[in-house]
Structure formats: C-alpha cells, structure tokens
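Next come the chains, spelled out residue by residue.
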Amino acid sequence: MSELVNTWTEWLKSSRFSYMNEIQKQQALLWLLNVRDNILDRAALKQGDTVLDIGTGTGLLGFGAYERLNGSGEVILSDAFADCLAECRKIAEKCKIVEGLEFLQSEASDIRLPDNSVDVIVMRSVLVHIPEKLPSLLECCRVLRKNGRISIFEPIIKRNTRYYELINPDKFPNYLRIKEIEDKIASDPDDPLVNFDEHTLKNDFINAGFKNIDVNMSTESSTYEVDPAMIDPWFNTPPSPDRPPLKQRFMQFMPESEVNEFLELLKADLAGSTITLNSPTAYIYAEK
Ligand SMILES: C[S@@+](CC[C@H](N)C(=O)[O-])C[C@H]1O[C@@H](n2cnc3c(N)ncnc32)[C@H](O)[C@@H]1O
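Here the structure is a predicted model, which is why all the values come from computation and not from measurement.

A.B. asks: I keep staring at helix 6 (residues 175-185) and nothing clicks. Help me out?
C.D. replies: Note on helix geometry: an α-helix contains 3.6 residues per turn, so any two residues three or four positions apart are oriented the same way. Looking at helix 6, one finds that the buried residues are Tyr-175, Ile-178, Ile-181, Glu-182 and Ile-185. Relative to the axis of helix 6, the buried residues are bounded by an arc of 130 degrees and lie together on one face. Elements that come into contact with the buried residues of helix 6 comprise helix 9 (246-251) and helix 10 (256-270).

A.B. asks: Whenever I open this one, the sheet that holds strand 5 (residues 144-155) confuses me. Can you help?
C.D. replies: Whether parallel or antiparallel, the strands of a sheet pair through hydrogen bonds between backbone atoms. If you trace the seven strands from one edge of the open sheet to the other, you get 3-2-1-4-5-7-6, paired in mixed fashion. The sheet terminates laterally at strand 3 (101-105) and strand 6 (211-225), the two strands that pair on one side only. Direction aside, neighbouring strands of the sheet carry axes that sit 15 degrees apart on average. The strands touched by helix 3 (residues 60-69) are strand 1 (50-54), strand 2 (74-79), strand 3 and strand 4 (118-124); relative to strand 2, the strand with the most contacts, the crossing angle is about 175 degrees. Contacts between helix 7 (residues 198-208) and the sheet are confined to strand 5, strand 6 and strand 7 (274-287), with strand 6 contributing the most and set at about 155 degrees to the helix.

A.B. asks: I'm lost on the pattern of salt bridges in this one. Help?
C.D. replies: Where charged atoms from two side chains of opposite charge approach closely, those side chains can pair. Counted under the stated rule, the structure contains 21 salt bridges. Salt-bridge contacts for Arg-42 lead to Asp-214; the nearest nitrogen and oxygen are separated by 2.9 Å. Taken as a pair, Arg-42 in helix 2 (residues 22-43) and Asp-214 in strand 6 lie far apart in primary sequence, 172 residues in all. The class of Asp-214 is partly exposed, set by a relative accessible area of 34%. It is possible to trace a salt-bridge network through shared partners that takes in Arg-36, Asp-37, Asp-41 and Arg-68.

A.B. asks: What should I look at first to understand the packing of aromatic side chains in this one?
C.D. replies: For any two aromatic rings, the description comes down to two numbers: the centre-to-centre distance and the angle of the planes. Taken as a whole and assessed by the stated rule, the structure comprises 11 aromatic pairs. Look at Tyr-163 and Trp-234: their rings are 5.9 Å apart centre to centre, the planes differ by 40 degrees, and that puts the pair in the tilted class. A residue pair is termed long-range when its members are at least 10 positions apart, and Tyr-163 in the loop between strand 5 and helix 6 and Trp-234 in helix 8 (residues 231-236) qualify at 71 residues. With respect to class, Tyr-163 is no different from Trp-234; both count as buried. Ring plane angle 85 degrees and centroid distance 6.1 Å describe the contact between Phe-235 and Phe-262, whose orientation is recorded as edge-to-face. Here Phe-235 is found in helix 8, whereas its partner Phe-262 is found in helix 10, with 27 residues between them in sequence. Phe-262 carries the same exposure label as Phe-235, and that label is buried. Through successive ring pairs, a cluster of aromatic residues spans Tyr-163, Phe-172, Tyr-224, Trp-234, Phe-235, Phe-250 and Phe-262.

A.B. asks: How should I be thinking about helix 2 in this particular structure?
C.D. replies: In this model, helix 2 (22 residues) spans 32 Å end to end at C-alpha, consistent with the 32 Å of a helix rising 1.5 Å per residue. For helix 2, the complete set of buried residues consists of Gln-24, Ala-28, Leu-32, Val-35, Arg-36, Ile-39, Leu-40, Arg-42 and Ala-43. Angularly, the buried residues of helix 2 cover 160 degrees about the axis, an arc narrow enough to put them on a single face. Projecting away from the buried face of helix 2 at angles above 90 degrees are the exposed residues Glu-22, Ile-23, Gln-27 and Leu-30. The inward-facing, buried residues of helix 2 contact helix 3, strand 4, strand 5, strand 6 and strand 7. Within two residues after helix 2, Ala-44 carries a phi angle of roughly 45 degrees, on the positive side.

A.B. asks: Would you mind showing me how to read the side chain of Glu-198 here?
C.D. replies: Mapping Glu-198 onto the fold places it in helix 7. Side chain to side chain, Glu-198 and Arg-159 meet in a polar contact 3.1 Å long. Beyond its immediate sequence surroundings of up to four residues, Glu-198 is in contact with Ile-156, Arg-159, Val-215, Met-217 and Ala-282.

A.B. asks: I would appreciate a short explanation of the nonpolar core in the present structure.
C.D. replies: Soluble, globular proteins show a tendency: their nonpolar side chains are buried together. Ranked by size, the top nonpolar core spans 33 residues in total, and within it Leu-52, Ile-121, Ile-150, Phe-205 and Phe-210 carry the most contacts. Counting residues per element, the ones that place at least two in this core are strand 1, strand 4, helix 5 (134-143), strand 5, helix 7 and strand 7. Per-element tally for this core: the top contributor is helix 5, with four residues. Not counting residues within four places of it along the chain, the set of residues in contact with Phe-205 comprises Leu-137, Ile-150, Ile-152, Phe-210, Ile-213, Ile-284 and Ala-286. Grouped together as the second largest cluster of nonpolar side chains are 23 residues, Ile-185, Val-226, Met-254 and Phe-262 included.

Rules of the game
- Residues numbered from 1 in each chain as written.
- Predicted model: local features only at pLDDT ≥ 70, side-chain atom pairs only at ≥ 80, totals over all residues.
- Heavy atoms only, no water.
- Buried < 20%, exposed > 50% of the residue type's maximum accessible area, 1.4 Å probe, protein only.
- Helix = DSSP H or I, 4+ residues; strand = E, 2+ residues; numbered from the N terminus.
- Arc of directions from axis to C-beta.
- Contact = heavy atoms within 4.5 Å.
- Pairing = 2+ DSSP bridges.
- Axes fitted to C-alpha atoms, helices over the stretch in contact; angles between N-to-C directions.
- Salt bridge = Lys/Arg side-chain N within 4 Å of Asp/Glu carboxyl O.
- Phe/Tyr/Trp six-rings, centres within 6.5 Å; stacked < 30°, edge-to-face > 60°.
- Expected span 1.5 Å × (residues − 1).
- Polar contact = N/O pair within 3.5 Å; in protein donor to acceptor, adjacent residues only side chain to side chain.
- Core = buried A, V, L, I, M, F, W, Y, C linked by side-chain atoms within 4.5 Å.

Below is the structure:
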C-alpha cells in the first residue's frame, strides 16, 4: 500500500523519514542542519539584511537566518502552501518571536513582493518540486536588490544510485527491463524531480540575469546494512505530497504482479548486504 500524504507539513514532519530507523533519522536531521549551515554561510548574511526564505516548509532556513541576524534585519518565511506557514507561525509563537519575522503565502514563480526589496534569498529543495525552474529564478532576480545574493541547495536526483546498480543481474530474469525502466524514470522530462541537473540550473541562473554564479557539487553517501523490511517503504514513500511513490512509477511500465516479483527478488538479493547510496547535490550562489 502506498502511504497517503496530504500536506507538505505532514511530509516534512513524518513521511520523509518514515522508512528510516532511529539512527538513520538522527543522521538525516544532522545532515539537514549541516546543509542549512552551508546555505546560510554561502549567503554571507549581514546584520540588517532582509532575507527571503522561499519554500520555507517548516522554516529550516528562515529560523536559522533569524538566529544569525540576531535581532537585526528581517526574515520573510514564504511558501505556496498555507499549512507550512501555519506551522512556522506555531514555531515562532513557541519561540516567543514577536518581531523581525514575516509570513508570506506566495508561489516561487509569482512572489508577492515589490521589485528590489530583499537583500538575500535562500532556498533548499524547492526548485526540485517545480516543473519549470526559470520562472522562479526570474522572480528571485526581480525581488532582489542590486548586488543582492541568492544561495540555494538542490538534490540532483537524476544521478542518484540506481537499484539496478546494487543488484546481481544473474538473479533477476528481467534485469535489462528493470534497468530500462529505472533509467526512464530517472530522466523523465515531465518529472520536476529529475528534469534538471547542475548544468541546466546554471543556465537558468544565467538566463534569469544573475552574475558571479558559483556551483558547488558534493555527494551525499549513505551506507546501510539492508533489512528487507526497508524495501517496501523505499518503494511506497512518496517523494513529495503530489508525486507518486517509486512503486507506482514502475507500475506505469510493468504490471503490479511483476513489480511485486521484482521487490521480492530485491529483498532476497540485498538482505544483509551493505549498500551505499550516492546522491549528488548542488549548492548554488549568485548575485544580482
Ligand atoms: C522539500 S520542502 C523544503 C522545505 C524547506 N525549504 C526545508 O529546507 O526544509 C519543499 C517546500 O517547497 C514548497 N513549495 C513547493 N512548491 C512550491 C512553489 N511552487 N512555490 C513556493 N513553494 C513551494 C513546499 O510547500 C515545501 O515547503
């Protein structure tokens, strides 16, 4: 059964971690904090800056920026979805934050702010959920002041380790078919999660009018001993509230019975083995 996720807050708070054990959850949280710090370091925040966090979710970057501004300047937490802003308001109340924080419901491609009104934009894993990236970057350029900075992070999912790279081809009668399907899923031009990489992003930054663009690639590696019980959740956890889980993507190319057979073979082949999943990621900094 696929997990049903209705809102971004639900996905951010529980669904995205649902296939992990406690140790993996802790590692994922530490990794997120490290990504937040890298994005904010690269943004080189200055006292008094107005900072816009686009697609703030539960405020990972925005609250981090607020802490760094230390009472000076302003942070605007913006998201297309009201549930995220409601969650951020709750956090702000809990932290007794009464000024220096604004909440803005806004699409990344139609930011409800005047031209030249912010000093810094930060964004983590937002463009990856938007089919066309350029319109949002054009908006970022419009609302930034001259010489304003943008610092973002995006996962380059199309180059993540594929399952067919982990398995023993001799044990999978339809190995080539599986490989073909996985490659198709990972390069679907209509899927916002995989229809870009660091090169297309850099071009979009150039076309949006940014200068001094710096792309910094790194690879996140996770090494696991596979417990077969992990495999169904891997295939049934949606990558976002509005995208189908991997199992359903496979079912667009082969009948469910064949996908189930593949999953059973996968459990048998990987059980107890130690695998490494590599996920390339891009940090991009630029100026207006
Ligand atoms: C993976 S989450 C990242 C949340 C947050 N930036 C973080 O680092 O934890 C993606 C966020 O982008 C928001 N989002 C998705 N599509 C959007 C759009 N078109 N415009 C603005 N925000 C969007 C979602 O509501 C969600 O909060």
